[in-house]
Amino acid sequence: MQEVLARAEEIRRQEEAKIEWTNELEQWVHAAEEAGISRPTLEQALRERFSLYGSTLEPGEHVFAKSKNGRFYAAKLLSLEESVAKVEFVSGGECRLPISELRPFSLLPGEKVECDWANWGWWTCTVTSYDKNLMKVYANDGWGTTQGFDISQVRLNVPEPGKTSFASRFGLVVGPLLAGTAIGTLITWLVMRG
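None of these values were measured; they are calculated from a predicted model.

Novice: Tell me about the overall build of the chain, and name the residues and values.
Specialist: Helices and strands together make up the secondary structure of the chain, namely 4 helices and 10 strands. Reading the chain from its N end, one meets helices and strands in the order α-α-α-β-β-β-β-β-β-β-β-β-β-α. Expressed as a percentage of contacts within the chain between residues at least 6 apart in sequence, the contacts between residues at least 24 apart total 44%. Carbon together with sulfur atoms contributes 58% to the accessible area of the chain, which is approximately 12,600 Å² in total.

Novice: Could you give me a rundown of a nonpolar patch on the surface, with the residues and numbers involved?
Specialist: Together, Trp120, Trp123 and Trp143 give the surface a local cluster of nonpolar side chains, amounting to about 420 Å² of exposed area. Here tryptophan 120 falls in the partly exposed class, since its relative accessible area comes to 45%.

Novice: Describe the pattern of salt bridges, with residues and values.
Specialist: The tally for this structure, following the rule as stated, stands at 5 salt bridges. The partner of glutamate 114 in a salt bridge is arginine 155, with the nearest N and O atoms 2.5 Å apart. In this pair, glutamate 114 sits in strand E6 (residues 112-117) while arginine 155 sits in strand E10 (residues 154-156), placing the two residues 41 residues apart along the sequence. Residue arginine 155 is classed as buried on the basis of its relative accessible area, which comes to 8%. One continuous salt-bridge network, built from bridges that share partners, spans Arg71, Glu114 and Arg155.

Novice: Would you mind going over the side chain of glutamate 114 in detail, with residue names and values included?
Specialist: Owing to a relative accessible area of 9%, glutamate 114 belongs among the buried residues under this scheme. Separated by 2.5 Å, the side chains of glutamate 114 and arginine 155 make a polar contact. Those residues in contact with glutamate 114 that lie beyond four places of it in its chain are Arg71, Trp122, Trp123, Thr124, Gln153, Val154, Arg155 and Asn157.

Novice: Explain the packing of aromatic side chains residue by residue, including any values.
Specialist: Applying the stated rule across the entire model yields 6 aromatic pairs. With a centroid separation of 6.1 Å and an interplanar angle of 75°, the aromatic rings of tyrosine 73 and tryptophan 122 are classed as edge-to-face. Highlighted residues: tyrosine 73 in strand E2 (residues 72-81) and tryptophan 122 in strand E7 (residues 121-131), separated in sequence by 49 residues.

Novice: Which residues make up the environment of phenylalanine 149, and what values do they have?
Specialist: The residue phenylalanine 149 is located in strand E9 (residues 146-150) in this model. Sequence separation between phenylalanine 149 and tyrosine 130 is 19 residues, and the spatial gap between their C-alpha atoms is 9.5 Å. If we skip the residues at most four places from it in the chain, phenylalanine 149 touches Cys115, Asp116, Trp117, Met135, Lys136, Val137, Ala139 and Val154.

Novice: Talk me through the environment of valine 87; I want residue IDs and the actual numbers.
Specialist: With respect to the helices, strands and loops of the structure, valine 87 is situated in strand E3 (residues 84-89). Residues within four places of valine 87 in sequence aside, it is in contact with Val63, Ala65, Ala75, Lys76, Leu77, Leu78, Gly93, Glu94, Cys95, Leu97 and Leu102.

Novice: Describe the pairing of E6, listing the residues and the values that go with them.
Specialist: Here 6 bridges tie E6 to E7, and the two strands are oriented antiparallel to one another. Each residue of the ladder has a partner; that of tryptophan 117, found in E7, is glycine 121. Joining the antiparallel neighbours E6 and E7 is a turn of 3 residues, in which asparagine 119 adopts a positive phi near 70°. Direction of pairing for E6 relative to E10: antiparallel, over a ladder of 2 bridges.

Novice: How would you explain the environment of glutamate 82 if you had to name every residue and give the values?
Specialist: Considering the arrangement of structural elements, one finds glutamate 82 in the loop between E2 and E3. Its relative accessible area of 81% is what places glutamate 82 among the exposed residues. In the structure, glutamate 82 is positioned 16 residues away from proline 98 in sequence and 9.3 Å away in space, judged by C-alpha atoms.

Novice: Account for helix H2 (residues 23-34), naming residues and giving values.
Specialist: In a regular helix each residue adds 1.5 Å, so 12 residues correspond to 16 Å; H2 covers 17 Å between its end C-alpha atoms and thus fits that length. Buried within H2 we find Leu25, Val29 and Ala32. Taken around the axis of H2, the buried residues stretch over an arc of 60°, which confines them to a single face. Residues of H2 that are exposed and angled more than 90 degrees away from the buried face: Asn23, Glu24, Gln27 and Glu34. At the C-terminal side of H2, glycine 36 shows a positive phi close to 105°.

What counts, and where the lines are drawn
Residues numbered from 1 in each chain as written. Predicted model: local features only at pLDDT ≥ 70, side-chain atom pairs only at ≥ 80, totals over all residues. Heavy atoms only, no water. Helix = DSSP H or I, 4+ residues; strand = E, 2+ residues; numbered from the N terminus. Contact = heavy atoms within 4.5 Å. Areas by Shrake-Rupley, 256 points an atom, 1.4 Å probe, with all protein chains shown as cover. Patch = residues over 30% accessible without salt bridge, like charges linked within 9 Å, V, L, I, M, F, W, Y side chains within 5 Å. Salt bridge = Lys/Arg side-chain N within 4 Å of Asp/Glu carboxyl O. Buried < 20%, exposed > 50% of the residue type's maximum accessible area, 1.4 Å probe, protein only. Polar contact = N/O pair within 3.5 Å; in protein donor to acceptor, adjacent residues only side chain to side chain. Phe/Tyr/Trp six-rings, centres within 6.5 Å; stacked < 30°, edge-to-face > 60°. Pairing = 2+ DSSP bridges. Expected span 1.5 Å × (residues − 1). Arc of directions from axis to C-beta.

In structure tokens, the structure reads:
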């Protein structure tokens, strides 16, 4: 129940945050609504995507903060000045960064994270539970194994808008080539048969 209340408080804070509605953003929301996505759902997604926190973000709270490698690691918020936050990463090191480079520290069951799995390295896993007292995340590797990780061994991989992963780009190139080859082989087979 504590996790549910914590998530409800997080959602309440995000709902307090204001979205600056530009004409372009309004047109985008209208198009998404026509595709069947409700406005409240879109607003929530925008708040989460752009880390629009309400005014209750306080020093001492844990957040995920963007590192130099583009991944988001667990950090403690040290101070907040207008749109700049000073954080201390759980694994060590301090930095100042824009609030837009913070993400909520929510480790809810079903959430996708990357864990530093022994002998594998960073692996995409699904959170099964989070023990706030021990600061330990329990995650499943997708193959039936669940393991506990210190929060310093967990990170978020938030893709930047417009950027696609190597696997996606590879699939976009190789998929049509394989389909073309299969169709060509089928046509050749049919012609040779006839």
